[in-house]
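Structure assessment
Okay, here's what each chain looks like letter by letter:
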Amino acid sequence: DAKTTQPTSMDCAEGRAANLPCNHSTISGNEYVYWYRQIHSQGPQYIIHGLKNNETNEMASLIITEDRKSSTLILPHATLRDTAVYYCIVRVAVSGTYKYIFGTGTRLKVLA
Amino acid sequence: EPEVTQTPSHQVTQMGQEVILRCVPISNHLYFYWYRQILGQKVEFLVSFYNNEISEKSEIFDDQFSVERPDGSNFTLKIRSTKLEDSAMYFCASKTNTEAFFGQGTRLTVV
C-alpha cells in the first residue's frame, strides 16, 4: 500500500503558485519522497525528489518538513498544461532494488 | 533526451490469447519495472527486474505473467492467456540510481 495521503483534487488559477500537500507520517529515515505527474493517460512524468532538504529544479520546488512526515510540491507559476494528477510517492527499498507505490494522487486543475 | 519506448501503443487481443508487450529502456539503466493502470484507477506496481532476475513482484503478477530481457536492450512483459480484466494501460519504467523514467504505455484491450 502507498505510504502517502493526498487531497483528492485541487484547483489553481493560471499564473499562481500551486501548492500540493502530501502526508507520509510512516516514512523511514532513508526513504525518499518522489513526485510524479500524469497528464491524461500518458506515462507518469518525474518531477522532483528529496530526502530531507528542500529541493528545487526547473519544474518545481519540494518542501519537506523537519520531521519528514509531510511535504509540499510547489509549482511556482501554474499553467494550463500543468493540469494533471500529481502523485506523491515514498520510494521503498525491497530486495536490493526500489519500488514506487502510487496512491490515488491529487487531481490538479489549473483554471484560466 | 533519452526516453523509454514502448510498443505497440495499442494492442487488441482476444481473450485466451498470449500477448507480449515490448519496452526499450534507457540504455545505461539497470533497473526495470512494469506497472499497469486500469481505466480510471491508480497506477499499480507489477514487477521489478534487476540483474536479469525478478527482484519484486506484486500479487497481480501471477503465473500468467512473465518478464524477460532477451537481448540486453528490450524488456518484455508476456501475458500467457489474457483475460478481460487484463485490459489496462501497461507502463514500463527504467532507472539508474535516482529517478525512474516511464514510457508512454501500451493500451491493452482484451475482447
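Just above, that's the structure.
I will try to describe carefully the structure that is included in this document. (Residues numbered from 1 in each chain as written. Chains lettered and ligands numbered in written order. Predicted model: local features only at pLDDT ≥ 70, side-chain atom pairs only at ≥ 80, totals over all residues. Heavy atoms only, no water.)

1. Observations concerning the overall build of chain B
Basically, it comes down to this: Each helix is a run of DSSP H or I of at least 4 residues and each strand a run of E of at least 2, with the numbering of both proceeding from the N terminus. Note that the radius of gyration is over C-alpha atoms, with the globule rule given as 2.2 Å times the number of residues to the power 0.38. Burial classification: accessible surface area is computed with a 1.4 Å probe over protein chains only, and a residue below 20% of its type maximum counts as buried, one above 50% as exposed, and the rest as partly exposed. Residue contacts are counted whenever heavy atoms from the two residues lie within 4.5 Å of one another. A 1.4 Å probe and the Shrake-Rupley method give the accessible areas. Residues count as covered only by the protein chains that appear here. Just so you know, the count uses Lys and Arg for positive and Asp and Glu for negative, and it drops His and the chain ends. Where a charge sits is defined by one atom per residue type, namely NZ (Lys), CZ (Arg), CG (Asp) or CD (Glu).
Each helix and strand in chain B was counted, giving zero helices and eleven strands. Start at the N end of chain B and walk to the C end: the helices and strands fall as β-β-β-β-β-β-β-β-β-β-β. A globule of 111 residues ought to have a C-alpha radius of gyration of about 13 Å, and chain B, at 13 Å, matches this closely. With the C-alpha coordinates aligned to their principal axes, the bounding extent of chain B is approximately 40 × 25 × 25 Å. Relative to its full complement of 111 residues, chain B shows a buried share of 46%. In chain B, the proportion of contacts linking residues at least 24 apart, taken out of those at least 6 apart, comes to 52%. In the form shown here, chain B has an accessible surface area of approximately 5600 Å², with 44% of it arising from carbon and sulfur atoms. One finds the centroid of the 10 positive side-chain charges in chain B at a distance of 2 Å from the centroid of its 14 negative side-chain charges.

2. Observations regarding the interface of chain B and chain A
Applied cut-off: Note: buried area is the sum, over both parts, of the accessible area (probe 1.4 Å) each one loses when the two are combined. Criterion for a salt bridge: a side-chain nitrogen of Lys or Arg within 4 Å of a carboxyl oxygen of Asp or Glu. Any pair of nitrogen or oxygen atoms within 3.5 Å is treated as a polar contact; in protein, a donor-acceptor pairing is required on top of that, and neighbouring residues in sequence qualify only through side-chain atoms on both sides. For this scheme, ten residues count as nonpolar: Ala, Val, Leu, Ile, Met, Phe, Trp, Tyr, Cys and Pro. Four count as charged, namely Asp, Glu, Lys and Arg, and the remainder, Gly too, count as polar.
Listed by partner, the interface residues are 21 residues for chain B and 22 residues for chain A. Taking both sides of the interface into account, the surface hidden between chain B and chain A amounts to around 1800 Å²; carbon and sulfur atoms contribute 55%. Among the residues of chain B in contact with chain A, B:Lys42, B:Val43 and B:Phe102 are the three that bury the most area, contributing 24% of the side total. At the surface where chain B touches chain A, the tally comes to one salt bridge. Summed over the shared surface of chain B and chain A, the result is eight residue pairs in polar contact (both at pLDDT 80 or more). For the side of chain B that touches chain A, the elements supplying multiple residues, two or more each, are β4 (31-37), β5 (44-50), β6 (53-57), β9 (88-95) and β10 (100-102) of chain B. With four residues, β4(B) is the single largest residue contributor to the side of chain B that touches chain A. For the side of chain B that touches chain A, the per-class residue count stands at nine nonpolar, seven polar and five charged.

3. Some remarks on the packing of aromatic side chains
Heads up, the rule is: Only centres within 6.5 Å qualify two rings of Phe, Tyr or Trp (six-membered ring in Trp) as a pair; their planes then separate them into stacked at under 30 degrees, edge-to-face at over 60, and tilted for everything else. Think of it as a cone above the ring: NZ of Lys or CZ of Arg counts as a charge over the ring if it is within 6 Å of the ring centre and within 35 degrees of the ring normal.
Evaluated as defined, the whole model comprises 21 aromatic pairs over all chains. Note on A:Tyr46 and B:Phe101: the rings are 6.5 Å apart at their centroids and 55° apart in plane angle, and the pair reads as tilted. Here A:Tyr46, found in strand β4 (residues 45-50), pairs with B:Phe101, found in strand β10, and the two come from separate chains. A relative accessible area of 17% means that A:Tyr46 is categorised as buried. The exposure class of B:Phe101 is partly exposed, given its relative accessible area of 27%. Three or more aromatic residues link up through ring pairs in this structure, and these residues are A:Tyr32, A:Tyr34, A:Tyr36, A:Tyr46, A:Tyr87, A:Tyr100, A:Phe102, B:Tyr33, B:Tyr35, B:Phe45, B:Phe101 and B:Phe102. Above the face of the A:Tyr98 ring, A:Arg91 is positioned so that its terminal group lies 3.6 Å from the ring centre. One cation-aromatic arrangement involves B:Lys95 over B:Tyr31; the distance from NZ or CZ to the ring centre is 4.4 Å.

4. Some details on the side chain of A:Ser71
All names here are of chain A. Along the chain, the position of Ser71 falls in strand β7 (residues 70-75). A polar atom in the side chain of Ser71 sits 2.9 Å from the side chain of His24. Those residues in contact with Ser71 that sit more than four places away from it in its chain are Leu20, Pro21, Cys22, His24, Val33, Trp35, Leu62, Ile63, Ile64 and Cys88.

5. What to know about the state of the cysteines
All names here are of chain A. As a reminder, the rule being used: Note on disulfides: each one is a pair of cysteine sulfur atoms within 2.5 Å.
On inspection of all chains with the given rule, the structure shows two disulfides over all chains. What pairs with Cys22 in a disulfide is Cys88, and their sulfur atoms sit 2.1 Å apart. Disulfide Cys22-Cys88: the torsion about the S-S bond is -80°, which places it as left-handed. Residue Cys22 is located in strand β2 (residues 18-23), and its partner Cys88 is located in strand β8 (residues 84-94); the two are separated by 66 residues in the primary sequence.

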